[in-house]
Amino acid sequence: MSASPILITGGAQRVGHYCAQRLLDDGHPLIVGYRREHASLEALRRRGAITLQGDFAERAGILDFIARLRDETQALRAIVHNAASWAADTEDDGSGAHFERLFNVHMQAPYLINRHCRELLEACGEPQRDIVHITDHLAARGMREHAAYAATKAGLDNLTRSFAALYAPSIQVNAIAPGPVMLNGEDDGAIGEDARQHSAMGMVPGPGVIYQSLRYLLDNRFTTGVTLTVDGGSAGC
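All figures in this text were calculated on a predicted structure; none of them were measured in a lab.

### Looking at the overall build of the protein chain
So, step 1. For the protein chain, the count of helices and strands is eight helices and seven strands.
So, step 2. Counting all 237 residues of the protein chain, 50% fall into the buried class.
So, step 3. When contacts within the protein chain are restricted to residue pairs at least 6 apart in sequence, long-range pairs at least 24 apart make up 70% of them.
So, step 4. Summed over all atoms, the accessible surface of the protein chain reaches about 11100 Å², with 51% contributed by carbon and sulfur.

### Describing the side chain of Thr160
So, step 1. Along the chain, the position of Thr160 falls in helix H6 (residues 147-167).
So, step 2. Assessed through its relative accessible area of 0%, Thr160 is described here as buried.
So, step 3. There is a polar contact of 2.9 Å between the side chain of Thr160 and the side chain of His133.
So, step 4. Ignoring any residue separated from it by four or fewer positions in sequence, one finds Thr160 in contact with His133, Val173, Asn174, Ala175 and Val226.

### Side note on helix H3 (residues 59-72)
So, step 1. Between its first and last C-alpha atoms H3 spans 20 Å; for 14 residues at 1.5 Å apiece the expected length is 20 Å, and the two agree.
So, step 2. Turning to H3, its buried residues number three or more, namely Gly61, Ile62, Phe65, Ile66 and Leu69. Across the axial projection of H3, the buried residues extend over an arc of 140 degrees, all falling on one side. The exposed residues of H3 that point more than 90 degrees off its buried face are Ala60 and Asp71.
So, step 3. In this structure, the buried residues of H3 make contact with strand S1 (6-9), strand S2 (30-34), strand S3 (50-53) and helix H4 (97-116).

### Quick look at the side chain of His81
So, step 1. Secondary-structure assignment places His81 in strand S4 (residues 78-81).
So, step 2. Contact partners of His81, with chain neighbours within four places excluded, come to Thr9, Ala109, Pro110, Ile113, Asn114, Ile131, Val132, His133 and Ile134.

### Points about the nonpolar core
So, step 1. Counting residues in hydrophobic clusters, the biggest one holds 27 residues, and the most contacted among them are Leu7, Phe56, Leu69, Leu76, Ile79, Ile113 and Cys117.
So, step 2. Residue assignment for this core shows that the elements contributing at least two residues are H3, H4, helix H5 (118-122) and H6.
So, step 3. Apart from the residues lying within four places of it in its own chain, the contact partners of Ile79 are Leu7, Ile113, Cys117, Leu121, Asp130, Ile131 and Val132.
So, step 4. Core analysis: the next-biggest nonpolar cluster, separate from the first, contains 26 residues, Ala20, Leu44, Ile176 and Leu217 among them.

### Focus on unusual backbone geometry
So, step 1. Here Ala168 and Pro169 are connected by a cis peptide whose omega angle stands at 0 degrees.
So, step 2. Among the structural elements, Pro169 can be located in the loop between H6 and strand S6 (172-178).
So, step 3. Although it is not a glycine, Arg14 adopts a positive phi angle of roughly 50 degrees.
So, step 4. By relative accessible area, Arg14 is classed as partly exposed at 38%.

### What to know about the pattern of salt bridges
Two side chains carrying opposite charge are able to pair once their charged atoms lie near each other.
So, step 1. Per the counting criterion, the structure on display carries twelve salt bridges.
So, step 2. Between Arg68 and Asp64 there is a salt bridge; the shortest N-O distance is 3.0 Å. Here Asp64 and Arg68 lie together in helix H3, a separation of four residues that amounts to about one turn.
So, step 3. Of the charged contacts, one joins Glu122 and Arg118 as a salt bridge, the two residues approaching to 3.2 Å between their closest N and O atoms. Pair noted here: Glu122 and Arg118 are both in helix H5, with a separation of four residues, about one helical turn.

Rules used throughout
Within each chain, residues carry numbers counting from 1 in the order of the written sequence. Whole-chain, interface and lining totals are the exception, using all residues; otherwise, since this is a predicted model, local features are given only for residues with pLDDT of at least 70 and side-chain atom pairs are given and counted only at 80 or more. Working from all heavy atoms in the structure, the side-chain values ignore hydrogens and water. A run of H or I in DSSP counts as a helix once it spans at least four residues, and a run of E counts as a strand once it spans at least two, with each numbered from the N terminus. For every residue, the accessible area (1.4 Å probe, protein chains only) is compared with the maximum for its type, and the residue is labelled buried under 20%, exposed over 50%, or partly exposed between those bounds. The contact rule is simple, with two residues in contact once any of their heavy atoms fall within 4.5 Å. Values of accessible area rely on a 1.4 Å probe in the Shrake-Rupley scheme; residue burial ignores everything except the protein chains shown. Definition of a polar contact: a pair of N or O atoms within 3.5 Å, with one able to donate and the other able to accept a hydrogen when the atoms are protein atoms, and with sequence-neighbouring residues admitted only if both atoms are side-chain atoms. Here the expected span of a helix is defined as 1.5 Å times the quantity of residues minus one. To be clear, the arc concerns the directions from the helix axis to the C-beta atoms. Residues enter a nonpolar core if they are buried and are Ala, Val, Leu, Ile, Met, Phe, Trp, Tyr or Cys, with the set joined through side-chain atoms within 4.5 Å. When a carboxyl oxygen of Asp or Glu is within 4 Å of a side-chain nitrogen of Lys or Arg, the pair counts as a salt bridge.

Below, the structure written as structure tokens:
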């Protein structure tokens, strides 16, 4: 495995935390970005992961995170942009702050991190370097109660192709667009059943399918500028 670490943002919970654990299992040095302290982070630290707190809701917080990241490492094998805010438009007070916050988390942070950390990726001694954006399978379709979320995730998907063209051939840039692969702890049986009914596969598979997709991208030297949709065929249901 590479001596240079992989950065994964939003690695304290859910899919991000699962992928962080699996990357450690596979022997990768790891830097985990997180917004709030969670008990799950201590387990990652005990396994050798570096953890960096960062609030991506504002540009200043993003730039501060980048500065501290550059203090921690001189090279990166990959960047996985998993940080997200699942905030409904009911939080919008009409000032534009709601949309701006989601824009910062889903687009501004990946954009700035990609720009400022290009040289860290190019300093990696491995033949392959990757950027992976975690988007959403519904981003291109829009969401009635999560318009700001869907729009900014769609923007992140678009950034995938722009950065793929800009950074080729030395850095590969791809995206993964998950569907409902796992449920929240508070989700009731009806929500799970609805997710299964809207999937051609009829299942909620768990976060392993996202790690399989991430592993594919990290191991494939000829794939760039693509979005892997991992939603069990829900688009056709």
